[in-house]
Amino acid sequence: EIHVCDWSSDVCSSDLADHLEGMGMITFLASLFIKDSKNYKEPSVRQAYGVLSGAVGIGLNILLFFGKWLAGTISGSIAITADAFNNLSDAGSSIITLIGFRLSGQEPDPEHPFGHGRMEYISGLLVSVAILVMGFELIWSSIGKLRSPEPIESSTLVFGILIASILVKLYMFFYNHSLSKKIESAAMKATSVDSLSDTVATTLVLIATLISKYTGLLLDGWFGILVGLFILYTGGSTLKETIDLLLGQPPKQEFIDEVKEIVLGHSMVHGVHDLIVHDYGPGRVMISLHAEVDVNGDIQDIHEQIDHIEHELQEKLHCSATIHMDPIVTDDKEVLVMKAKVEEMVHFLDESFSMHDFRMVKGSTRTNLIFDVEVPRKTSYTDNEIVNWLKERIHELPGSKYFAVIQIDHEYY
């Protein structure tokens, strides 16, 4: 059976990564040293994979350093020698990743009640900085080579070392890329990108060496600059991603959908809003939300079911949940009709807006319609524009004098 891959799709590269990782030393070592190695969501398993990947990375990068240093010494190529020291810095990055996973797995303490999970993000940040430093150093060395170019001595041994290095780095990219998806690790993703940049860098060095051998053109310095620029680009990209994680990113939509599906799967919950996800690192996610329940329901029964939902979220999504109960009217026809009218106005203004906590309070001279409007962060309307427009439309409703009391909430996802 022949399987044809669409390489423009990430699916095929992911399948290949899984295949290579599955047939490689990581899987073999994991089967020996990691208990329940397929349970990627378990914090102890994640930590073990991070430590294992870091240890393998240290060993392979040190071997590559010695091989390329030998090739660079034999050939006199600044690009090969710089690439060798790039692998030595990668060994240092692997040490950072290993330490980061070890520290992130520590239990919460009085100084860090939410745990140490973000240490993994910090290790990814340090790896990205190391990539950038190496890129600048390589460009600087290559500029010096342009000023005083020297012929490159090539041999079968040099070519063999470079080709072997490319294959090893490709393997490191695939297994780190595969594991980064399975255990959702920013640090391991940064390491995989670093391995890919090394693959491209060494390929360019190999091309420069071949051109020099068969044409006599001295392109060592120029190719060294190209390699350095590529390393800077990849380092900058991974740096941005890890900084975004430290600053706080919105959760994945799939996670939001799963939370709502679980909560709304209970018949006593009529709506969910004010959902906030607090991310303190992999495996340390806390969520809070408001669940709308019948105002006439039995408070003890509702409280018991809310506790059950919190435990279900913990078991299925591995997150700590806090749910606030919002009582709403579900059997008053007049309130429901007015709620539908106001909800139609909110959606007319913008389909992405939603309404919740609707209450209708009648007075002797007027009726107050009290509700919240939840809007996404990206909207063309200001809060005042939304409030004023809705107040005007509600005030124009026929019948009693209606006045709106509106609270604007902003989505955190």
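Up top is the structure.
Predicted, not measured: the structure shown is a model, and the values here were computed from it. (Residues numbered from 1 in each chain as written. Predicted model: local features only at pLDDT ≥ 70, side-chain atom pairs only at ≥ 80, totals over all residues. Heavy atoms only, no water.)

A. Looking closely at the pattern of salt bridges. Applying the stated rule across the entire model yields seven salt bridges. Put simply, Asp198 and Lys169 hold a salt bridge, and the shortest N to O gap is 3.0 Å. With Asp198 in helix 7 (residues 186-215) and Lys169 in helix 6 (residues 156-182), the pair connects residues that are 29 residues apart, well separated along the chain. A relative accessible area of 0% means that Asp198 is categorised as buried. On the accessibility criterion, Lys169 (1% relative accessible area) is buried. For Asp244, the salt bridge is made with Lys240, and the minimal N-O distance between the two is 2.9 Å. Residue Asp244 and its partner Lys240 are located together in helix 8 (residues 220-247), separated by four residues, close to a single helical turn. According to the relative accessible area criterion, Asp244 is partly exposed, its value standing at 22%. Within the structure, one salt-bridge network assembled from shared partners comprises Glu392, Arg393 and Glu396. (Salt bridge = Lys/Arg side-chain N within 4 Å of Asp/Glu carboxyl O. Helix = DSSP H or I, 4+ residues; strand = E, 2+ residues; numbered from the N terminus. Buried < 20%, exposed > 50% of the residue type's maximum accessible area, 1.4 Å probe, protein only.)

B. Focus on unusual backbone geometry. Although it is not a glycine, Asp274 sits at a positive phi angle of roughly 50°. Here Asp274 lies in strand 1 (residues 271-279). Positioned with a positive phi, His318 is a non-glycine residue whose angle comes to about 55°. If you trace the backbone, His318 turns up in the loop between helix 10 (299-317) and strand 3 (319-328).

C. Summary view of the sheet that holds strand 5 (residues 367-375). Spatially, three strands are ordered 4-5-6 in an open sheet, and the strand pairing comes out mixed. Taken across any chain shown, the strands that pair with only one partner, and hence form the sheet edges, are strand 4 (354-362) and strand 6 (402-410). Between one strand axis and the next, the sheet turns through 15° on average, direction left out of account. Relative to strand 5, strand 4 is paired through seven bridges, and the arrangement is antiparallel. Among the inter-strand pairings, His356 is bridged to a residue of strand 5, identified as Asp372. (Pairing = 2+ DSSP bridges. Axes fitted to C-alpha atoms, helices over the stretch in contact; angles between N-to-C directions.)

D. Highlighting the nonpolar core. Judged by nonpolar contacts, the single largest core of 23 residues is most densely connected at Phe358, Leu369, Phe371, Val373 and Ile394. Every element with two or more residues in this core is listed here: helix 11 (333-349), strand 4, strand 5, helix 12 (383-395) and strand 6. Leaving out residues up to four positions away in the same chain, Val373 has contacts with Val346, Phe353, Ser354, Leu390, Ile406, Gln407, Ile408 and Asp409. The next biggest cluster of nonpolar side chains, apart from the first, holds 21 residues, and it includes Val272, Leu275, Leu289 and Ile309. (Core = buried A, V, L, I, M, F, W, Y, C linked by side-chain atoms within 4.5 Å. Contact = heavy atoms within 4.5 Å.)

E. Here's a closer look at the packing of aromatic side chains. This model, assessed by the stated rule, comprises six aromatic pairs. Geometrically, the ring pair formed by Tyr171 and Tyr175 is tilted, given 5.1 Å between the ring centres and 55° between the ring planes. Taken together, the residues Tyr171 and Tyr175, both in helix 6 and four residues apart, mark about one turn of the helix. One exposure class covers both Tyr171 and Tyr175, and it is buried. Taken together, a centroid distance of 6.1 Å and an interplanar angle of 15° make the contact between Phe348 and Trp389 stacked. On the criterion of sequence distance, the pair formed by Phe348 in helix 11 and Trp389 in helix 12 is long-range, its members being 41 residues apart. By relative accessible area, Phe348 is classed as exposed at 66%. Between the NZ or CZ atom of Arg377 and the centre of the ring of Tyr412, over which it lies, the distance is 4.9 Å. Here Arg393 stacks its cationic end above the ring of Trp389, 5.0 Å away from the centre of that ring. (Phe/Tyr/Trp six-rings, centres within 6.5 Å; stacked < 30°, edge-to-face > 60°. Lys NZ or Arg CZ within 6 Å of the ring centre and 35° of its normal.)

F. The arrangement of the packing of helix 2 (residues 25-33) against helix 3 (residues 43-75) in detail. The contact between helix 2 and helix 3 brings their axes to 11 Å, and the two run at 130°. Put simply, helix 2 runs oblique to helix 3. Note on packing geometry: the crossing formed by helix 2 with helix 3 is right-handed. Contacts between helix 2 and helix 3 involve Met25, Ile26, Leu29 and Ala30 from the first element and Tyr49, Leu52, Ser53, Val56 and Leu60 from the second. Along the lines of polarity and charge, the residues of the contact of helix 2 with helix 3 split into eight nonpolar, one polar and no charged. (Parallel < 35°, antiparallel > 145°, perpendicular 65-115°, else oblique. Left-handed = near helix turned anticlockwise from the far one by under 90°. Nonpolar A, V, L, I, M, F, W, Y, C, P; charged D, E, K, R; others polar.)

G. Looking closely at the side chain of Asn368. With respect to the helices and strands, Asn368 occurs in strand 5. Here the side chain of Asn368 touches Arg366 through a polar contact of 3.4 Å, side chain to side chain. Filtering out sequence-adjacent residues up to four positions away, Asn368 remains in contact with Arg359, Met360, Val361 and Phe403. (Polar contact = N/O pair within 3.5 Å; in protein donor to acceptor, adjacent residues only side chain to side chain.)

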